[in-house]
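Okay, here's what each chain looks like letter by letter:
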Amino acid sequence: MSAAEKPAAPATVLLYSHRPEVRDAVRAAVGRQPAPDVGPLTWLECSTGDEVVAAVDAGGIDVCVLDGEAQPTGGMALARQLEMEVADRPAVCLLVARQPDRWLAHWSRAEATLALPVDPLVAPGVVADLVRARAGRPAARR
């Protein structure tokens, strides 16, 4: 079976922001199937850091898209926490408001970044790449 014939792999994407308008914008930009070989996506929305940690602990998350500007717990701090506490954590994409904040995303050990406002021409490719890289690796708590 060629890559063009492979069925799309479903994935669960955790989306974290305390602002519903940011979550809506990300879902709209990425869509339900960001690439022919990726999807359909199931979106799990979280509005608090505690919800993110509980969802990752429960397993089944392929990619986390975390708002670096979220309050009171920022996505960068959560990404770093997950890196330290979860043995095989989901791939992480951080939403950053300013290009200079990309170094903080690197410090947080995020695999990717998306600038706010989210570009619908860029976002699907970034999420699809993370899903492809993550395929088949379950999260396990350290």
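Structural data are supplied above this passage.
Quick notes on the rules
Residues numbered from 1 in each chain as written. Predicted model: local features only at pLDDT ≥ 70, side-chain atom pairs only at ≥ 80, totals over all residues. Heavy atoms only, no water. Helix = DSSP H or I, 4+ residues; strand = E, 2+ residues; numbered from the N terminus. Rg over C-alpha atoms; globule rule 2.2 N^0.38 Å. Buried < 20%, exposed > 50% of the residue type's maximum accessible area, 1.4 Å probe, protein only. Contact = heavy atoms within 4.5 Å. Areas by Shrake-Rupley, 256 points an atom, 1.4 Å probe, with all protein chains shown as cover. Phe/Tyr/Trp six-rings, centres within 6.5 Å; stacked < 30°, edge-to-face > 60°. Lys NZ or Arg CZ within 6 Å of the ring centre and 35° of its normal. Pairing = 2+ DSSP bridges. Axes fitted to C-alpha atoms, helices over the stretch in contact; angles between N-to-C directions. Right-handed = clockwise from strand over helix to strand, strands pointing away. Parallel < 35°, antiparallel > 145°, perpendicular 65-115°, else oblique. Left-handed = near helix turned anticlockwise from the far one by under 90°. Nonpolar A, V, L, I, M, F, W, Y, C, P; charged D, E, K, R; others polar.

A description of the overall build of the protein should follow, citing residues and the corresponding values.
Regarding its fold elements, the protein presents five helices and five strands. Put simply, the protein runs from its N terminus to its C terminus through helices and strands in the order β-α-β-α-β-α-β-α-β-α. Since a compact globule built from 142 residues should have a radius of gyration of about 14 Å, the 14 Å found for the protein is in line with a globular shape. Taken over the C-alpha atoms alone, the protein extends approximately 45 × 35 × 25 Å along its principal axes. Within the span of the protein, comprising 142 residues, buried residues form 44% of the whole. Across the protein, the fraction of contacts at a sequence separation of at least 24, relative to all contacts at a separation of at least 6, is 67%. Here the protein displays about 7,100 Å² of accessible surface, and carbon together with sulfur accounts for 56% of that area.

Lay out the packing of aromatic side chains in plain terms, naming residues and giving numbers.
Enumeration over the complete set of coordinates arrives at zero aromatic pairs. Here Arg80 stacks its cationic end above the ring of Trp107, 4.7 Å away from the centre of that ring.

For the sheet that holds strand β1 (residues 9–16), give the residues involved together with the corresponding values.
The sheet built from five strands is open, its strands ordered β2-β1-β3-β4-β5 with parallel pairing. Whereas interior strands pair on both sides, the edge strands pair on one side only; in this sheet they are β2 (38–46) and β5 (112–115). Averaged over all pairs of adjacent strands, the angle between strand axes in this sheet comes to 25°, irrespective of strand direction. Two strands pair when backbone bridges link them, and strand β4 (residues 91–96) and β5 are joined in this way by four bridges, in the parallel orientation. Bridging from a neighbouring strand, Cys93 pairs with Ala112 of β5.

Go over the pairing of β1, please, and point to the residues and values.
Of all eight residues making up β1, six are buried, and the element is well covered by its neighbours. In this structure, β1 lies alongside β2, joined through seven bridges in parallel fashion. Looking at the pairing, Val13 lines up with Trp43 of β2. In this fold, β1 hands off to helix α1 (residues 20–30), which returns the chain to β2; that crossover is right-handed. When β1 meets strand β3 (residues 63–67), the two strands line up parallel, connected through four bridges. Within the sheet, the bridge partner assigned to Val13 lies in β3 and is Val63.

Provide a residue-level description of the packing of helix α2 (residues 49–58) against helix α3 (residues 75–85), including the pertinent values.
In a pair of packed helices, the angle between the axes and the distance between the axes together describe the arrangement. Put simply, α2 and α3 touch, their axes get as near as 11 Å, and they point 30° apart. Viewed along their axes, α2 and α3 adopt a mutual orientation that is roughly parallel. In this structure, the crossing between α2 and α3 has a hand that is right-handed. Residues Gly49, Val52, Val53 and Val56 of α2 form the contact with α3, whose own contacting residues are Leu78, Gln81 and Leu82. Of the residues that constitute the contact of α2 with α3, the class distribution is five nonpolar, two polar and no charged.

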